[in-house]
Number of protein chains: 2
Amino acid sequence: MSTINDVAKLAEVSIATVSRAINNSGYVSEEARKKIDQAINELDYIVNERARNLSKQRSGIIGVIIPDLENPFYGKLIKNIEIELYSYGYKTMVCNTIGTSNREKEYIDMLDRNIVDGIITCALVLEDYVYTRIKKPIVSTDHDFGPSIPLIHSDHRRGGYLAAKKMLEAGCKNVVMVGARWDVKTPSSERYTEFEKILKENKIPIQTIYADWNRMSYPYYTQLMSEYYDVLMNVDGIFTSDIGAIALYHLVADQGRQIPKDLKILGYDGMSITKISKPVISCIRQDAEELAKRCVNTIMKLICGDENIEYHQIIDVTFQQGDTL
Amino acid sequence: MSTINDVAKLAEVSIATVSRAINNSGYVSEEARKKIDQAINELDYIVNERARNLSKQRSGIIGVIIPDLENPFYGKLIKNIEIELYSYGYKTMVCNTIGTSNREKEYIDMLDRNIVDGIITCALVLEDYVYTRIKKPIVSTDHDFGPSIPLIHSDHRRGGYLAAKKMLEAGCKNVVMVGARWDVKTPSSERYTEFEKILKENKIPIQTIYADWNRMSYPYYTQLMSEYYDVLMNVDGIFTSDIGAIALYHLVADQGRQIPKDLKILGYDGMSITKISKPVISCIRQDAEELAKRCVNTIMKLICGDENIEYHQIIDVTFQQGDTL
DNA sequence: CTGAAAGCGCTAACAG
DNA sequence: CTGTTAGCGCTTTCAG
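Residues numbered from 1 in each chain as written. Chains lettered and ligands numbered in written order. Predicted model: local features only at pLDDT ≥ 70, side-chain atom pairs only at ≥ 80, totals over all residues. Heavy atoms only, no water.

Enquirer: Help me out: how do you make sense of the protein's contact with DNA strand C in this one?
Expert: Near DNA strand C lie 26 residues; those nearest to it are Arg20(A), Ser29(A), Ile4(B), Tyr45(B) and Ser55(B). Each atom of DNA strand C within 4 Å of the protein was classed as base or backbone; sugar and phosphate made up 65%. In the environment of DNA strand C, a phosphate oxygen lies 2.7 Å from a nitrogen or oxygen atom belonging to the side chain of Arg52(B). Elements with a minimum of two residues in the surface near DNA strand C: α2 (15-23) and α4 (49-56) of chain A together with α2 (15-23) and α4 (49-56) of chain B. Broken down by element, the residue count for the surface near DNA strand C peaks at 5 residues, all from α2(B). The residue makeup of the surface near DNA strand C, split by class, is 12 nonpolar, 10 polar and 4 charged. (Near = heavy atom within 4 Å. Polar contact = N/O pair within 3.5 Å; in protein donor to acceptor, adjacent residues only side chain to side chain. Helix = DSSP H or I, 4+ residues; strand = E, 2+ residues; numbered from the N terminus. Nonpolar A, V, L, I, M, F, W, Y, C, P; charged D, E, K, R; others polar.)

Here it is as structure tokens:
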């Protein structure tokens, strides 16, 4: 592997000139440039980013921390984040926490260790101070770390509102919510508080079933739904996640209850499986593309020292009609 | 941010001693170690990986090139690759090619630019020589680059065999295969050639519908299936991907044809959506965990210069019973 | 327009 | 057991 030194020697100029030439910074005479180009070609020279990065004190990499890449919502989100970062010339490092705090911690530490230039986090088992003590670029989705860390999330409150309205319009009289614990208040949990509020205002009895916040697999939801089978059999409306909705459907479909006549099911997220699913799941849809764009745009501003940052960005959600409500 | 210099100064030793201490390499007296630990604590010193990596000529990062992270199969694969790499102390960089060759090319170039220490590739729009000219660690899944690049893939031939056997056992008399073009021979395409072979041996008429190899979204398959509606309505067995199977089911379900009585559907991959799906899709399942393990294990050997490498590894597939065959 | 030289922060002989 | 020193390969002043 040839270095900038070899190029300089062959082109009979100094390494400083070569550096200027390959970076298009500062003046380089036509003659010098020609000789350098030729030398580069001859030697198959490619710049060593490792050295460049040490010198420039950057890495060109952003870490994205998520709970579980196997969950299609995060797959979609990361895909879009990667596409956005790529357009800014940045690379994407993925960090699955799979629910364990030490993995999350170690990935956060990458900032201090100068492995990444910034972090977009979607996961959080950790205490806030682990994040807030770091003074490098962090953008958070769905967890409020206070005014120092930009927070970007879907308009979950409106999501809860839309969900409640749809249930009411559909004539539900007795509903249940199934989802991650929301005793800890996060933007994400507002979907439930708002949903509950609207229903209570309309005198509709409502029950809740809590799920572990970091478990979102289909088998888990199937098991959870089974445990509460009796409860679920006696209501006429259920508000849960996409995965929960599908799991639930399978559970009740064979019991002779008509969907949506006897029971309305409403999912949340709007992942593509809701459309693939038969029946198509009615749900509240988050805009993963827009979320990705905003996260990346914001972390880029943080890195560039751009002052013009919105520290709280809320992305619209929409109702997506399906066959279950 | 403090450096090794600051620590050395505060601990009143040389930077070499500090380096030895933090790396546990070479001898360091108890006394020195104590002073160093104290200095590290006092200064909140954290090693700068950027500098360390330049010095050690490594990056600790593996790039994983895939067509589309939104596809659940790749989501699952990458998740498992990340978990494996993490256990070796390596980080994972994701590279979505989304079917475009320049993105794939640029990510391959990361090897030459010393951004990553190795690449696991699942994508390939590019000519072979782009890969083969590189003499750094590359592991391929599903594309044979010749003897210099380890190839790891599912036993697709057996997958095709199992699929054919199941169709025959189920009494199919007229079948169609729907999948990525397999005129270019890859390990992955053997599922089709083997399937076809067995069926022909049994005098079963078989038709084929080609899909773009790098498009695997649900909408695409739905559209594709619609185009060939007439064909699909006149067969009694269909072998396709998981996504194709689900798309197909939706298309025919409303037409009064009984599944699996009138029509058997068999998917391929065995992603979790096949289980979530209603009906549960019968399919041939790839072992993503094992694939991930082998890929990572092999690239680690390549990096360490371990001679003991299997250059062609084939992972078992299994039939997964569902409701559609 | 160009080159010398001082870093970036760490590792690894090598001599003591 | 420890310190000196020479890199790793590139960027960036600062004189000229």
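Enquirer: Help me out: how do you make sense of the nonpolar core in this one?
Expert: In summary, soluble globular proteins display a tendency toward joint burial of nonpolar side chains. Tyr221(A) and Tyr221(B) are the most contacted members of the largest nonpolar core, which totals 107 residues. If we ignore the near neighbours within four places in the chain, the residues touching Tyr221(B) are Val178(B), Gly179(B), Ala180(B), Ala211(B), Arg215(B), Met216(B), Thr240(B), Ser241(B), Ile243(B), Gly244(B) and Ala247(B). (Core = buried A, V, L, I, M, F, W, Y, C linked by side-chain atoms within 4.5 Å. Buried < 20%, exposed > 50% of the residue type's maximum accessible area, 1.4 Å probe, protein only. Contact = heavy atoms within 4.5 Å.)

Enquirer: How do you make sense of the side chain of Thr324(B) when you look at a structure like this?
Expert: All names here are of chain B. Structurally, the position occupied by Thr-324 is in the segment after β12 (318-320). Under the relative-accessibility criterion, Thr-324 is labelled buried at 0%. A polar atom in the side chain of Thr-324 sits 2.7 Å from the backbone oxygen of Ile-265. A polar side-chain atom of Thr-324 sits 3.0 Å from the main-chain amide nitrogen of Ser-282. The contacts of Thr-324, once residues within four sequence positions are left out, are Ile-259, Pro-260, Leu-263, Lys-264, Ile-265, Pro-279, Val-280, Ile-281 and Ser-282.

Enquirer: In this structure, what is going on with helix α9 (residues 190-201) of chain A? I would like to understand it.
Expert: One turn of the α-helix equals 3.6 residues, which is why residues spaced by three or four share an orientation. Residues and elements named next belong to chain A. An ideal rise of 1.5 Å per residue puts 16 Å on 12 residues; α9 measures up with 16 Å between its terminal C-alpha atoms. On its buried face, α9 is in contact with α8 (156-169), β6 (175-180), β7 (206-211), β8 (237-239) and β9 (264-269). Phi turns positive one or two residues past the end of α9, at Lys-203, with a value near 60°. (Expected span 1.5 Å × (residues − 1).)

Enquirer: Looking at this model, I keep getting lost on the protein's contact with DNA strand D. Mind explaining?
Expert: The immediate surroundings of DNA strand D are formed by 25 residues, with Ile4(A), Tyr45(A), Ser55(A), Arg20(B) and Ser29(B) found nearest. For DNA strand D, a phosphate oxygen lies 2.4 Å from a polar atom in the side chain of Ser29(B). One of the side-chain N or O atoms of Ser55(B) is found 3.3 Å from a base nitrogen in DNA strand D. Of all the secondary-structure elements, those providing two or more residues to the surface near DNA strand D are α2 and α4 of chain A together with α2 and α4 of chain B. Of the residues belonging to the surface near DNA strand D, the class tally is 12 nonpolar, 10 polar and 3 charged.

Enquirer: For this particular structure, what's the right way to read the domain arrangement of chain A?
Expert: Interface size, as often reported, equals the accessible area lost upon joining of the parts. What the domain assignment reports for chain A is domain 1 (4-56), domain 2 (61-154 + 288-316) and domain 3 (156-286). Between the C-alpha centres of domain 1 of chain A and domain 2 of chain A the distance comes to 35 Å. (Domains from an automatic or database assignment.)

Enquirer: Explain the interface of chain B and chain A here, please?
Expert: Between chain B and chain A, the contact holds 51 residues from the first and 51 residues from the second. Taken together, both faces of the contact between chain B and chain A bury some 5100 Å²; the carbon and sulfur share is 59%. The largest contributions to the chain B side of the interface with chain A come from Arg50(B), Ile276(B) and Lys278(B), which together make up 16% of the buried area. On the surface where chain B and chain A come into contact, there are 10 salt bridges. A salt bridge links Glu70(A) to Lys79(B), with the nearest nitrogen and oxygen atoms 3.1 Å apart. (Buried area = accessible area lost by both parts, 1.4 Å probe. Salt bridge = Lys/Arg side-chain N within 4 Å of Asp/Glu carboxyl O.)

Enquirer: For this particular structure, what's the right way to read unusual backbone geometry?
Expert: The phi torsion of most residues other than glycine is negative, and most of the peptide bonds are trans. The peptide bond linking Ile259(A) to Pro260(A) adopts the cis configuration, its omega dihedral lying at 5°. By the secondary structure assignment, Pro260(A) is in the loop between α12 (242-253) and β9. For Asn114(A), which is not glycine, the phi dihedral falls at a positive 65°. Note on placement: Asn114(A) falls in the loop between α6 (101-112) and β3 (118-121). Positive phi values are uncommon outside glycine, yet Lys203(B) reaches one of about 60°. Of note, Lys203(B) is situated in the loop between α9 (190-201) and β7 (206-211).

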